[in-house]
Amino acid sequence: MPLAVGPGAGPVSTQGFSLPTEHKPVSTNPSDYKILIYGRNKIGKTLWASSFPNAVFFSTEPGTEGLSVFAFNHENGGVTDWDVFRAGVELITRDTGRKQFHTVIIDTADLAYTMCQVWVCNQMGIASPGLSPETGRSDKSGTGWINVRTEFGRQIDKLTRCGKGVVFVSHVDKETAVTKSGDSYTVITNSMASQARKIIMSLVDITLFAEYAKDPGGKTIRALFARGNELVDGGCRMVAGREIPPCLPLTKEGGYNILAAAIRGEDVGLGTGLMPSP
């Protein structure tokens, strides 16, 4: 049956709705935000995410064995495929009012998307999203890729709308960009597939690039870069009415508290002139 649109769609029900009469409250709690942290292997992304209180990991790859955290389906290897991921999303959306968990950590979003792609292909009976289920040959309609994007977006949307914070973890990658004049340069970005990147980057409030840096004394430190530029993919929305500092310390402990202090506008101990080490 075709979808009724326009005048034939019938009247719109407004029962249970009303226009706001006051501003909504502004949150300074990191667990109320959607965050992406990406960076090189072993720099401390998972450890940083584990500092969030009342958080549950959806671990799609090893990395939490040495951490005391809540990890969904850990006894069976964590999130091993998209069916497990879907089950976790369904369970977490039933945890209304943050009765058990405040934050969901997807570690990593890269592999979660790959699992989604495999699941969709299995559902369609094809080996690759670019193939037609009828002929097994290249599908110019793009139906497979559309279904992957739809399914991944649906589950991520359910997560981000369930009243909890979400932290997406990704690795780092480099891409070549070309100017209008034809000159090329390298851009540092996350390693998610293009479709996953578009979905997640449009949702997150805070993007943090984890990398080594040199402090004013020449000492190598670990830092989180919260501002993007033409060379580094990143940036943050206005958080609690202000911009968070461009650079935060990436420490072994207290990552959540440091971010919370930054959101409150407090000095977190790093200046504005730090740059990622090459």
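Every value quoted in this text rests on a predicted model; they were computed, and no experiment measured them. (Residues numbered from 1 in each chain as written. Predicted model: local features only at pLDDT ≥ 70, side-chain atom pairs only at ≥ 80, totals over all residues. Heavy atoms only, no water.)

A. Region of interest: the overall build of the protein. Helix and strand counts for the protein stand at 6 helices and 10 strands. Dimensions of the protein, computed from C-alpha atoms along their principal axes, come out at roughly 70 × 50 × 50 Å. Residue burial in the protein is summarised as follows: out of 278 residues, 44% are buried. Long-range contacts, defined as pairs at least 24 residues apart, comprise 63% of the intrachain contacts of the protein with a sequence gap of at least 6. (Helix = DSSP H or I, 4+ residues; strand = E, 2+ residues; numbered from the N terminus. Buried < 20%, exposed > 50% of the residue type's maximum accessible area, 1.4 Å probe, protein only. Contact = heavy atoms within 4.5 Å.)

B. Region of the structure containing the packing of aromatic side chains. Applying the stated criterion across every chain yields a total of 10 aromatic pairs. Relative to Phe225, the ring of Phe209 lies with its centre 6.3 Å away and its plane at 35°, an arrangement referred to as tilted. Here the residue Phe209 occupies a position in strand 7 (residues 206-214), and Phe225 occupies one in strand 8 (residues 220-225), the gap between them amounting to 16 residues. The two residues Phe209 and Phe225 agree in class, both being buried. Here the aromatic cluster, defined as three or more aromatic residues joined through ring pairs, consists of Phe58, Phe72, Trp82, Phe85, Tyr113 and Phe152. (Phe/Tyr/Trp six-rings, centres within 6.5 Å; stacked < 30°, edge-to-face > 60°.)

C. Examining the packing of helix 3 (residues 109-124) against helix 4 (residues 143-160) more closely. Where helix 3 meets helix 4, the axes come as close as 9 Å, and the angle between the chain directions of the two elements is 125°. Regarding the angle of helix 3 to helix 4, the classification is oblique. Viewed along their axes, helix 3 and helix 4 form a crossing whose handedness is right-handed. On the side of helix 3, the interface is formed by Ala112, Tyr113, Cys116, Gln117, Trp119, Val120 and Met124, while helix 4 contributes Thr143, Gly144, Trp145, Asn147, Val148, Glu151 and Phe152. (Axes fitted to C-alpha atoms, helices over the stretch in contact; angles between N-to-C directions. Parallel < 35°, antiparallel > 145°, perpendicular 65-115°, else oblique. Left-handed = near helix turned anticlockwise from the far one by under 90°.)

D. Up close: unusual backbone geometry. The omega torsion across Asp107 and Thr108 is 10°, close enough to zero to call that bond cis. As for its placement among the helices and strands, Thr108 is situated in the loop between strand 4 (103-107) and helix 3. In this model, Asn54 sits at a positive phi of 50°, which is unusual for a non-glycine residue. Following the sequence through the fold, Asn54 ends up in the loop between helix 1 (45-49) and strand 2 (55-59). The backbone of Asn73 sits at a positive phi, close to 60°, despite the residue not being glycine. Inspection of the secondary structure puts Asn73 in the loop between strand 3 (70-71) and helix 2 (82-94).

E. Inspection of the side chain of Thr108 at higher detail. Among the residues examined, Thr108 registers a relative accessible area of 1% and is labelled buried. Only 3.3 Å separates the side chain of Thr108 from the side chain of Glu61, close enough to count as a polar contact. Excluding residues within four positions of it along the chain, Thr108 makes contact with Thr60, Glu61, Val169 and His171. (Polar contact = N/O pair within 3.5 Å; in protein donor to acceptor, adjacent residues only side chain to side chain.)

F. Looking closely at the side chain of Asp110. On the secondary structure map, Asp110 appears in helix 3. Salt bridges are absent for the buried Asp110, whose nearest opposite-charge side chain, Arg197, sits at 7.5 Å. A polar contact of 2.4 Å, which involves the side chain of Asp110, links it to the side chain of Ser191. Sequence-distant contacts of Asp110, that is, excluding residues within four places in its chain, are made with Val169, Ser170, His171, Ser191 and Met192. (Lys, Arg positive; Asp, Glu negative; His and termini not counted. Salt bridge = Lys/Arg side-chain N within 4 Å of Asp/Glu carboxyl O.)

G. Broad picture of helix 2. For helix 2, built from 13 residues, the straight-helix expectation of 18 Å at 1.5 Å per residue is met to within 8% by its first-to-last C-alpha distance of 19 Å. Along helix 2, the residues that are buried comprise Trp82, Val84, Phe85, Gly88, Val89 and Ile92. Along the long axis of helix 2, the arc covered by the buried residues comes to 150°, so they all point the same way. Residues of helix 2 that are buried make contact with strand 2, strand 4, helix 3 and helix 4. The distance from a side-chain oxygen at the start of helix 2 to the backbone nitrogen of Asp83 is 3.1 Å, and the residue carrying that oxygen is Asp81. (Expected span 1.5 Å × (residues − 1). Arc of directions from axis to C-beta.)

H. Spatial organisation of the nonpolar core. Phe58, Trp82, Phe85, Ile106, Phe152, Leu159 and Phe168 are the most contacted members of the largest nonpolar core, which has 44 residues in total. If one sorts the elements of this core by residue count, helix 3 sits on top with 9 residues. Sequence-distant contacts of Phe168, defined by excluding residues within four places in its chain, comprise Ile35, Leu36, Ile37, Ile106, Ala109, Ile156, Thr160, Ile200 and Val204. Ranked by size, the runner-up nonpolar core spans 29 residues in total, among them Ala49, Ala55, Ile105 and Val268. (Core = buried A, V, L, I, M, F, W, Y, C linked by side-chain atoms within 4.5 Å.)

I. Structural view of the pattern of salt bridges. On inspection of all chains with the given rule, the structure shows 11 salt bridges. Two residues, Arg237 and Asp205, come together in a salt bridge whose shortest N-O distance is 2.9 Å. On the criterion of sequence distance, the pair formed by Arg237 in the loop between strand 9 (235-236) and strand 10 (247-249) and Asp205 in the loop between helix 5 (194-203) and strand 7 is long-range, its members being 32 residues apart. Its relative accessible area of 38% is what places Arg237 among the partly exposed residues.

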